Amino acid sequence: MDQVKEKRKQNTTEEENEQEKWVHDGSVDYKGKVPLRASTGVWIASLFVLTIEFSERVSFYGIASNLISYLTKVMHEDLKTAAKNVNYWTGTTTLMPLIGGFLADAYTGRFPMVLFSSLVYFMGLSLLTLSQYIPILKPCNTKTCLQPRKLHEVVFFLSLYCISVGTGGHKPCLESFGADQFDEDHVEERKKKMSFFNWWSFALCFALLLGATVIVYVQDFVSWGAASLILTILMALCIIAFYVGRPFYRYRRPQGNTLKPILQVLVAAIRKRKLTCPSNPDLLYEVPKSDNSQGRLLCSTSNLRFLDKAAIIEDTQNDKNKNPWRLATVTRVEETKLILNIIPIWLTSLTTGICLAQGSTLFVKQAASMNLKVNDSFSIPPASVSSASAFGILIFVPIYDRVIVPIMRKITGNERGISILRRISIGIAFSVIVMVVAALVEAKRLRMHEHEILRTEVTGEKNMRLMSVFWLVPQYFLLGFGDAFSLIGLQEYFYDQVPDSMRSLGMALYLSVIGVGSFLSSFLIIIVDHVTEKNGKSWFGKDINSSRLDRYYWMLAIINALNLSAYIFIAKRYTYKSVQRIGNQINDGKSDGVEIMA
């Protein structure tokens, strides 16, 4: 008897050593074999991914931050046309990840899509550089250019939209590819993966600072050609570095059309709508673990029970007669539930995008009307004040990752410290606080402006004393703190809670929160302007001093507060993804959406 126990113990130890040596999460190495844990993935591989993402973000922020200045000063477009062109480009850049993410998940895989989109991005930057140096492609051959060449306009906009296409492959695939380098079924790697999203956002904020300061400075005080050349060289070097990292990566094979299985589940559930779901979920259809080609298996959950009917095995069905439009596995049913559960969370997250849009639009307009002088010889550019939000994230993320998370792990027993949805809710709460602070600061600025008008009329002075721009720093810092909760939390959520085969598309959905939020912000301004103009005086006047942005901010604060209530109501009833995991990797703590299977 003792020999039998000893043999079992020895077999268990060998199995644990095997699992520790190799990565059995469905990924492969660059040769198509099971990855060796010691030589692939984790932080070594992620650093290569972070490098090329850093380069792409420096390029994007360097161009986007100053694009409207180029269109008005060099291309001589009027403000309305320039703003419209910037919005068209930004909107296209926001929507392209939905296409790139779908294609990567379904057909190409993430690494080939990143490599292809990098080359397209590089082509766009190269065209942008050539449009500044080749005489026939330059705006004109004189220092003062009153009317740029048509050929320059064509090449310039072609380069911009090449960058949009490149972004469409970069943004949804790179972050999910970086997160793929961590094995979720391995306790230590799973904890590192949770830190990955924090440090990813930290690197992006640093890229924002570099792009919006150094690159913009080169554009304004050296030349656009020099700035474009720097970005092109940087991208070329990072593409080479990314390709050199091939042996260190873990790859996920594309799963085919990822939307088709969801449609099959819905059709099968409707077809079997008259059947009764068994009380024991073990009676539902699932493929054996030894014959699983669809990735990790999911556990059956109690929500949306109607969909479970798609996994009911009928008497007429046998091993040879399993029509996917009539019978779906439990895993496919649960993946469909995940997609349906995401919709209300996505909708209630849109106010985060609306709040974020104010930081690059109306907050900047406020800054332009305030005292920008640091001293008699130096003034801050209005757009540079927005860097305070990036500083907020840069300061807070290390504190959150290294101090708050370990403390909260001990308190809550959750591997993340704070659950994903709770983290997002804290970010939405910060959105309310940001809007309240912004409203109070704007009301004070307007009162000071009115007081200065009266004072100058009485005294006859010509120079008005303006409110210091540093009054805007608190709201930008709070915006950064909120982003450290909401945006990073949304990144984790849309990566973790979508089906494993749709993670690139999940990151595209995260980006759509920001993009749709920006469009909703513009839509709100149109509606508010129309309604308040009918009642007398519009909240959006000809200039910021004749506007009432403080009232608009109070309105956004109320909208965010109501949305927070709706979000909490939905989040409390949310069911996390429940993954079957092997017994030798049980974690003493809890983890969002984890069910350990012995």
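Turning to the overall build of the chain, a few remarks are in order. Summing up its helical and strand segments, the chain has 17 helices and 4 strands in all. Out of the 598 residues in the chain, the part that is buried amounts to 51%. Pairs at least 24 residues apart make up 79% of the contacts formed inside the chain by residues separated by at least 6 positions. Surface accessibility of the chain: about 28400 Å² in total, with carbon and sulfur atoms responsible for 63%.

Once that is clear, we can look at the pattern of salt bridges. For the structure on display, the rule yields 22 salt bridges. Between Glu415 and Arg190 there is a salt bridge, with the nearest N and O atoms lying 2.8 Å from each other. Taken together, the positions of Glu415 in the loop between helix H13 (387–412) and helix H14 (420–459) and Arg190 in helix H7 (residues 187–221) put the pair 225 residues apart, joining distant regions of the chain. Summarising the burial analysis for this pair, Glu415 and Arg190 share the class buried. With its nearest N and O atoms 3.5 Å apart, the salt bridge here joins Arg503 to Asp500. Each of Arg37, Asp183, Glu189 and Arg250 takes part in one network of salt bridges that share partners.

On to the nonpolar core. Judged by nonpolar contacts, the single largest core of 118 residues is most densely connected at Phe242, Leu421, Tyr493, Tyr552 and Tyr553. Looking at this core element by element, the count peaks at 11 residues for helix H15 (residues 473–496). Once residues within four sequence positions are removed from consideration, Tyr493 is found in contact with Asn341, Ile342, Ile345, Ile420, Leu421, Ile424, Val498 and Tyr574. Ranked by size, the runner-up nonpolar core spans 11 residues in total, among them Val265, Leu307, Ala310 and Ala328.

A cluster of nonpolar side chains, contributed by Tyr133, Leu229, Ile233, Leu237, Ile240 and Val244, occupies part of the molecular surface with about 580 Å² of accessible area. Among the secondary structure elements, Leu229 is positioned in helix H8 (residues 224–244).

A separate point is the side chain of Ser117. By the element assignment, Ser117 lies in helix H5 (residues 110–133). Take Ser117: its relative accessible area is 2%, and that puts it in the buried class. Apart from the residues within four sequence positions on either side, Ser117 is in contact with Gly166, Gly169 and His170.

Another point: the packing of aromatic side chains. Applying the stated criterion across every chain, the model contains 36 aromatic pairs. Look at Phe396 and Phe485: their rings are 5.2 Å apart centre to centre, the planes differ by 50 degrees, and that puts the pair in the tilted class. Of this pair, Phe396 sits in helix H13 while Phe485 sits in helix H15, and the two are 89 residues apart along the sequence. Given the relative accessible area of 14%, Phe396 is considered buried. Ring geometry for Tyr493 against Phe494: centres 5.1 Å apart, planes inclined by 80 degrees, an arrangement best described as edge-to-face. Across the pair, Phe494 and Tyr493 agree in class, each one buried.

For the pair helix H6 (residues 150–179) and helix H16 (residues 503–534), the least separation of the axes is 8 Å and the interaxial angle reads 120 degrees. Relative to H16, the element H6 lies oblique. At the point where H6 passes H16, the crossing takes the right-handed sense. For the pair H6 and H16, contact is made by Lys171, Pro172, Cys173, Glu175 and Ser176 and by Arg503, Ser504, Met507, Ala508 and Leu511, respectively. Here the residues of the contact of H6 with H16 are counted per class, giving 5 nonpolar, 2 polar and 3 charged.

So, about the environment of Val34. In this structure, Val34 sits in the loop between helix H1 (2–21) and helix H2 (42–64). Considering only alpha carbons, one finds Val34 and Val23, 11 residues apart in sequence, at a separation of 6.5 Å. Leave out the neighbours within four places in its chain, and Val34 touches Trp22, Val23, His24 and Asp29.

The next subject is the confidence of the model for the chain. Caution applies to low-pLDDT regions: their predicted coordinates should not be interpreted in detail. Across the chain, the average pLDDT comes to 82, with 89% of residues at 70 or higher. Per-element confidence in the chain is highest for helix H17 (residues 549–572), whose mean pLDDT is 94, and lowest for strand S4 (residues 594–596), whose mean pLDDT is 37. Below pLDDT 50 for its whole length, residues 583–590 participates in 19 contacts with residues either more than four positions away or in separate chains. Scored below 50 in pLDDT, residues 593–598 shows 20 contacts in the model against residues more than four places distant or in partner chains.

Quick look at the environment of Phe60 now. Among the secondary structure elements, Phe60 is positioned in helix H2. Residues Phe60 and Leu208 lie 148 residues apart in sequence; the distance between their C-alpha atoms is 8.7 Å. Those residues in contact with Phe60, other than ones at most four positions away along the chain, are Trp89, Thr93 and Tyr121.

Here the focus is unusual backbone geometry. The phi dihedral of Val42 is positive, around 45 degrees, even though this residue is not glycine. Mapped onto the fold, Val42 is located in helix H2. Here the phi dihedral of Leu304 falls at roughly 50 degrees; this positive angle occurs in a residue that is not glycine. You can call Leu304 partly exposed: its relative accessible area is 37%.

What counts and how
- Residues numbered from 1 in each chain as written.
- Predicted model: local features only at pLDDT ≥ 70, side-chain atom pairs only at ≥ 80, totals over all residues.
- Heavy atoms only, no water.
- Helix = DSSP H or I, 4+ residues; strand = E, 2+ residues; numbered from the N terminus.
- Buried < 20%, exposed > 50% of the residue type's maximum accessible area, 1.4 Å probe, protein only.
- Contact = heavy atoms within 4.5 Å.
- Areas by Shrake-Rupley, 256 points an atom, 1.4 Å probe, with all protein chains shown as cover.
- Salt bridge = Lys/Arg side-chain N within 4 Å of Asp/Glu carboxyl O.
- Core = buried A, V, L, I, M, F, W, Y, C linked by side-chain atoms within 4.5 Å.
- Patch = residues over 30% accessible without salt bridge, like charges linked within 9 Å, V, L, I, M, F, W, Y side chains within 5 Å.
- Phe/Tyr/Trp six-rings, centres within 6.5 Å; stacked < 30°, edge-to-face > 60°.
- Axes fitted to C-alpha atoms, helices over the stretch in contact; angles between N-to-C directions.
- Parallel < 35°, antiparallel > 145°, perpendicular 65-115°, else oblique.
- Left-handed = near helix turned anticlockwise from the far one by under 90°.
- Nonpolar A, V, L, I, M, F, W, Y, C, P; charged D, E, K, R; others polar.
- pLDDT = per-residue confidence, 0-100.

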